[in-house]
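# Residue-level structure breakdown
Below are the chains, spelled out letter by letter.
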Amino acid sequence: MDGAVLARLGAVIFVAIAGTAAVLEMSREEKAPEPSPTRTVGAARDPLRDEQGRCQQLGEAAAHETACLKVWAQTRDRFLGRPAPNEGR
């Protein structure tokens, strides 16, 4: 056999194998993973978060309200990992 004929035969076989693999891949049905059962735990209401919402609703007036200033200080301490003033240092 001639070299060119062998190259063409090899190319035809390669294309046939690649086409078969593509058809098989497209016809394969993937099953969606079953969702794992999860428990939803109701979080306890956070009074600090409720106060933050109230202060947010006040807008600029909250900057002059003592209660909101305390809420922001507590929020800052919680964020920075500082103990609350009533927990003792």
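Figured I'd write up the structure that's included with this text. Keep in mind it's a predicted model, so treat the numbers as computed, not measured.

Let's shift gears to the overall build of the protein chain. A tally of regular secondary structure across the protein chain gives three helices and zero strands. The order of helices and strands in the protein chain, counted from the N terminus, is α-α-α. Expressed as a percentage of the 89 residues in the protein chain, the buried residues total 7%. Total accessible area on the protein chain is roughly 8300 Å²; 59% of this is exposed by carbon and sulfur atoms.

Across the interface, helix 2 (residues 47–58) lies against helix 3 (residues 66–80) with an axial gap of 10 Å and an inter-helix angle of 130°. Accordingly, the angle class assigned to the pair helix 2 and helix 3 is oblique. The two elements helix 2 and helix 3 meet at a crossing, and its hand is left-handed. Contacts between helix 2 and helix 3 involve Leu48, Glu51, Gln52, Arg54, Cys55 and Leu58 from the former and Ala67, Cys68, Val71, Trp72, Gln74, Thr75 and Arg78 from the latter.

What makes a disulfide is a covalent bond joining the sulfur atoms belonging to two cysteines. Counted according to the given criterion, the structure contains one disulfide. Each sulfur in the disulfide pair cysteine 55 and cysteine 68 lies 2.1 Å from the other. Disulfide cysteine 55-cysteine 68: the torsion about the S-S bond is -100°, which places it as left-handed. Taken together, the positions of cysteine 55 in helix 2 and cysteine 68 in helix 3 put the pair 13 residues apart, joining distant regions of the chain. Considered together, cysteine 55 and cysteine 68 belong to a single accessibility category, that of buried residues.

What follows is about the pattern of salt bridges. Across all of its chains, the model carries six salt bridges by this definition. In this structure, the salt-bridge partner of glutamate 25 is arginine 28, at a minimum N-O distance of 3.3 Å. Among the residues examined, glutamate 25 registers a relative accessible area of 45% and is labelled partly exposed. Several salt bridges converge on common partners, so that one network encompasses Glu51, Arg54 and Glu65.

Cut-offs applied
- Residues numbered from 1 in each chain as written.
- Predicted model: local features only at pLDDT ≥ 70, side-chain atom pairs only at ≥ 80, totals over all residues.
- Heavy atoms only, no water.
- Helix = DSSP H or I, 4+ residues; strand = E, 2+ residues; numbered from the N terminus.
- Buried < 20%, exposed > 50% of the residue type's maximum accessible area, 1.4 Å probe, protein only.
- Areas by Shrake-Rupley, 256 points an atom, 1.4 Å probe, with all protein chains shown as cover.
- Axes fitted to C-alpha atoms, helices over the stretch in contact; angles between N-to-C directions.
- Parallel < 35°, antiparallel > 145°, perpendicular 65-115°, else oblique.
- Left-handed = near helix turned anticlockwise from the far one by under 90°.
- Contact = heavy atoms within 4.5 Å.
- Disulfide = S-S within 2.5 Å.
- Salt bridge = Lys/Arg side-chain N within 4 Å of Asp/Glu carboxyl O.

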